[in-house]
Amino acid sequence: MKRLLILSGGGAKGAFQAGVIYNLVRSGKLKDDEIFAVAGTSVGSINGLWCASNAALTPRGMELMKDMWLSLKPRNVYKQQPKWFAFLKALILKRNYIFDFSPLEKHLHEKIVPLLKFNKIYINCSVNLQTGKSSGIYVEEDKMFFGDSEVVSDREEMLVKSVLASCAIPVVFPPVKIGKYSYVDGGVREVIPVGFAISNLRKHGHIKGGDEINVIIVSCSPLHTLKEEEKNFYENLYAILARSYDILWQEHLENDVRQISLYNLIYKNNNDIKSEIVKLNVEMYTPVKKLGDATDFTPTTLQKYFEMGERGNFINYRTT
């Protein structure tokens with residue numbers, strides 16, 4: 001049975017996600033020819049770009065992915081300036097964001113997109129600010145769709161814009177304008193975009209109600225909540241914002257997992273609507289503990305996160 005790979009959001013914590021994928025490929029638990037589709041939100045949409053490419057989920061492909069992460073610098077993601085200055089600048093200039101992440105756009109165009117040659121379906125998830133609904137790109141062989149519209153020209157530009165939209169953490173990074181709408185991070189609705197991926201795969205005829213599908217999820221956040229209260233009292237604006245996003249993302253993650261459990265419960269116990277539900281056999285990988293600031297792209301932090309995943313320092317959950 002073919003498998004679907006789902007990658008969560010998490011900013012710099014995507015280095016841990018890449019390390020887990022590296023571990024699974026090197027240990028033979030994740031094989032390139034067994035994955036038929038890859039879907040990601042936020043940083044998961046970037047890792048997903050590579051994983052959906054030809055021969056990416058091989059030892060050689062993983063070495064390239066490792067090098068991409070360990071050679072990444074903060075200046076490749078967003079324009080560097082002190083946080084207090086970025087806040088002040090945003091207030092004075094009445095911006096709708098704190099950090100300019102145009103360097104990430106350049107990095108994607110120059111370092112990642114030229115290496116891509118998709119041999120799997122690729123899906124990413126963002127949120128339309130005007131409609132409040134999930135949207136994103138769908139790539140299959142020579143076909144590309146954004147939302148319900150087929151993309152027939154400037155495909156590389158649309159691909160990069162869709163990834164930026166999926167990564168556009170509200171307030172932290174600017175919304176991305178595509179057509180007449182503005183888009184932000186897909187984690188606003190789905191941290192692990194299982195529902196969005198399934199709906200797209202159904203729409204394009206790859207799965208149908210009553211089907212059973214194997215899903216591998218790699219999350220940048222643990223499922224469990226902290227046993228002790230946070231000792232940081234969050235006395236500055238950025239710390240409060242970052243912690244608020246942590247809480248929001250954690251709640252979405254737990255809700256996404258509950259949704260999977262609900263689907264499987266309905267599939268098992270209600271024959272009347274079983275033909276409308278997709279059964280998900282899930283294998284999920286998460287960190288052992290909460291990781292740090294999602295905007296901390298310093299090389300030492302990225303290396304630490306990657307090595308955690310690479311060395312198997314994660315928790316593995318399975319549904320039955």
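Look up a bit, the structure's there.
Note that the structure is predicted; figures quoted are calculated from it, not measured.

Q: How should the packing of helix 1 (residues 14-26) against helix 2 (residues 43-51) be read in this particular structure?
A: Helices that pack against each other are described as a pair by the angle of their axes relative to one another and the distance between those axes. Orientation of helix 1 relative to helix 2, taken along the N-to-C sense of each, is 30°, at an axis distance of 9 Å. Judged by the angle between their axes, helix 1 and helix 2 are roughly parallel. Pair helix 1 / helix 2 crosses with right-handed handedness. Within the contact between the two elements, helix 1 uses G14, Q17, A18 and I21 and helix 2 uses V43, G44, N47 and C51. The residue makeup of the contact of helix 1 with helix 2, split by class, is four nonpolar, four polar and no charged.

Q: How do you make sense of unusual backbone geometry when you look at a structure like this?
A: When glycine is set aside, most residues are seen to have a negative phi, and most peptide bonds are trans. In this structure, S42 is a non-glycine residue whose phi angle is positive, near 55°. Structurally, S42 is set in the loop between strand 2 (35-41) and helix 2. You can call S42 buried: its relative accessible area is 3%. Although it is not a glycine, D154 sits at a positive phi angle of roughly 50°.

Q: Quick question: what am I supposed to make of the environment of V20 here?
A: Here V20 is to be found in helix 1. Given the relative accessible area of 0%, V20 is considered buried. Residues V20 and I137, spaced 117 residues apart in sequence, show a C-alpha to C-alpha distance of 25 Å. If we skip the residues at most four places from it in the chain, V20 touches V218, Y285, G309, E310 and F314.

Q: Even after reading the chapter, I still don't get the pairing of strand 1 (residues 3-7), so can you show me in this structure?
A: Each regular strand displays side chains that alternate between the two surfaces of the sheet. Strand 1 sits mainly inside the fold: five of its five residues count as buried. Pairing geometry for strand 1 and strand 2, over five bridges, is parallel. Within the sheet, the bridge partner assigned to R3 lies in strand 2 and is I35. Taking the sense of rotation as the criterion, the β-α-β connection linking strand 1, helix 1 and strand 2 turns out right-handed. Pairing analysis gives five bridges linking strand 1 to strand 10 (residues 212-218), with the strands arranged parallel. The residue of strand 10 that forms the bridge with L5 is I216.

Procedures and definitions
Residues numbered from 1 in each chain as written. Predicted model: local features only at pLDDT ≥ 70, side-chain atom pairs only at ≥ 80, totals over all residues. Heavy atoms only, no water. Axes fitted to C-alpha atoms, helices over the stretch in contact; angles between N-to-C directions. Helix = DSSP H or I, 4+ residues; strand = E, 2+ residues; numbered from the N terminus. Parallel < 35°, antiparallel > 145°, perpendicular 65-115°, else oblique. Left-handed = near helix turned anticlockwise from the far one by under 90°. Contact = heavy atoms within 4.5 Å. Nonpolar A, V, L, I, M, F, W, Y, C, P; charged D, E, K, R; others polar. Buried < 20%, exposed > 50% of the residue type's maximum accessible area, 1.4 Å probe, protein only. Pairing = 2+ DSSP bridges. Right-handed = clockwise from strand over helix to strand, strands pointing away.

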